Amino acid sequence: MDKVHVFNAGPCLLPQVVYDHAIEAIKDFKGTGVSLLSISHRTKEWEAIMDETRTLWKELLDIPEGYEVVFLGGGASMQFLYVAMNYLERKAAYLETGVWARKALKEAAGLGNAYAIASSADKNYTYIPKGYEIPKDLDYLHITTNNTIYGTEIKHDMDCPVPLIADMSSDILSRRVDVSKYEMIYGGAQKNAGPAGVAFAIIRKDTLGKVSRYLPTMLDYRVHIDKGSMFNTPPVFSIYIMNETLKWVKALGGVDVMHKMDVRKADTLYAEIDRNSLFRGTAVKEDRSIMNVCFVMTEGNEALSEDFLAFSKERGIVGIKGHRSVGGFRASLYNACSQEDVDVLVKAMQDFESSKK
């Protein structure tokens, strides 16, 4: 079969070298004669992977002193609860920019006083709210920097008068981040940082331990920091793939190089969407995500959606069907998605338009 061009929103496409190394590690991990899938997490070979993975995160994001990186199961959805358990004491605000932001708010509201400080639900989350006032008495403000379903993105590190917590599941490692502006950053790995099965959390350590509620052991970030993310058996395979993915990012030149590549890919696709008579973007232009490009058929051409999906599939293009809640199309341009992949999609859009004239 000819090359397949993968635009899945998650689990995402990963670099080929990562797959290759994973296959070898499954056969024999680091010359131990034991498969990665069976290796004890208490061996020196595995502990070296854990240490290296934390170091790679710190190098790639230039994480300052006073922060630690932990790896946890349960995905970002579990982190919604972790965040509220560890930080919500009096009041917290959430910027509601999509489904995942709303779900994060729901978990916090179940524990205490948490509310949406601003929302873009009025226009189906097609823009990032602006101009809202941030009360000074908040325990934290929570933001979701990239909204995979709706294709919007907060592209800068905001100045915030209260502790700032960010879900960066789907745009981490796509740009330089000023980590010092955040109390914590977290996300699921399965977009830019690895496979499903592990979440990362970058935590300013001196902000922990300030809530009065009882913290179950497994939900206390301090426990996982103290135990080096190995209080219980960690998701070994997923962390190994994360390690290989981070090494690939570093080898290519780091997040600045990733950002240039990602911007070019997004610009290429958005330019075609704006040019093509059959397609239109759904997100407000100033808030368009460089990770998830969402678009639909133009008015009067909606019936062509299934035809375009079939047309694309014939060319090896997979994963562009929009989320079931919004329909249309979504091309996820995570780091491992190549310029060639995007060019193939653009050519398919052009040829489809020509076929309908």
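Residues numbered from 1 in each chain as written. Predicted model: local features only at pLDDT ≥ 70, side-chain atom pairs only at ≥ 80, totals over all residues. Heavy atoms only, no water.

(A) The packing of helix α8 (residues 305-313) against helix α9 (residues 339-355), seen in detail. In the contact formed by α8 and α9, the axes pass within 10 Å of each other and the chain directions differ by 130°. Taken together, the axes of α8 and α9 lie oblique to each other. Crossing handedness for the pair α8 and α9: right-handed. Between α8 and α9, the contacting residues are Asp-307, Phe-308 and Phe-311 on the first element and Leu-345, Ala-348, Met-349, Asp-351 and Phe-352 on the second. Split into classes, the residues belonging to the contact of α8 with α9 amount to six nonpolar, no polar and two charged. (Axes fitted to C-alpha atoms, helices over the stretch in contact; angles between N-to-C directions. Helix = DSSP H or I, 4+ residues; strand = E, 2+ residues; numbered from the N terminus. Parallel < 35°, antiparallel > 145°, perpendicular 65-115°, else oblique. Left-handed = near helix turned anticlockwise from the far one by under 90°. Contact = heavy atoms within 4.5 Å. Nonpolar A, V, L, I, M, F, W, Y, C, P; charged D, E, K, R; others polar.)

(B) The arrangement of the sheet that holds strand β14 (residues 329-332) in detail. Taking strand neighbours across the sheet as the criterion, the three strands line up as β11-β12-β14 in an open arrangement whose pairing is antiparallel. Each end of this open sheet is capped by a strand with a single partner; those strands are β11 (279-281) and β14. Across the sheet, the mean angle from the axis of one strand to that of its neighbour is 35°, orientation sign disregarded. Judged from the three bridges that link them, β11 and strand β12 (residues 292-297) form a sheet pairing that is antiparallel. Within β12, the residue paired with Arg-280 across the bridge is Val-296. With respect to the sheet, α8 is in contact with β11, β12 and β14, its orientation differing from that of β14 by roughly 35°. (Pairing = 2+ DSSP bridges.)

(C) Examining the side chain of Asp-171 more closely. Turning to its location among the elements, Asp-171 is positioned in the loop between β8 (164-167) and β9 (184-188). Here Asp-171 is buried and forms no salt bridge, its nearest opposite-charge partner Arg-175 lying at an N-O distance of 4.6 Å. Polar side-chain contacts of Asp-171 include one of 2.7 Å to the side chain of Thr-145. Non-local contacts of Asp-171, meaning those with residues more than four positions away in its chain, are made with Thr-145, Asn-146, Glu-153, Ile-154, Asn-192 and Met-291. (Buried < 20%, exposed > 50% of the residue type's maximum accessible area, 1.4 Å probe, protein only. Lys, Arg positive; Asp, Glu negative; His and termini not counted. Salt bridge = Lys/Arg side-chain N within 4 Å of Asp/Glu carboxyl O. Polar contact = N/O pair within 3.5 Å; in protein donor to acceptor, adjacent residues only side chain to side chain.)

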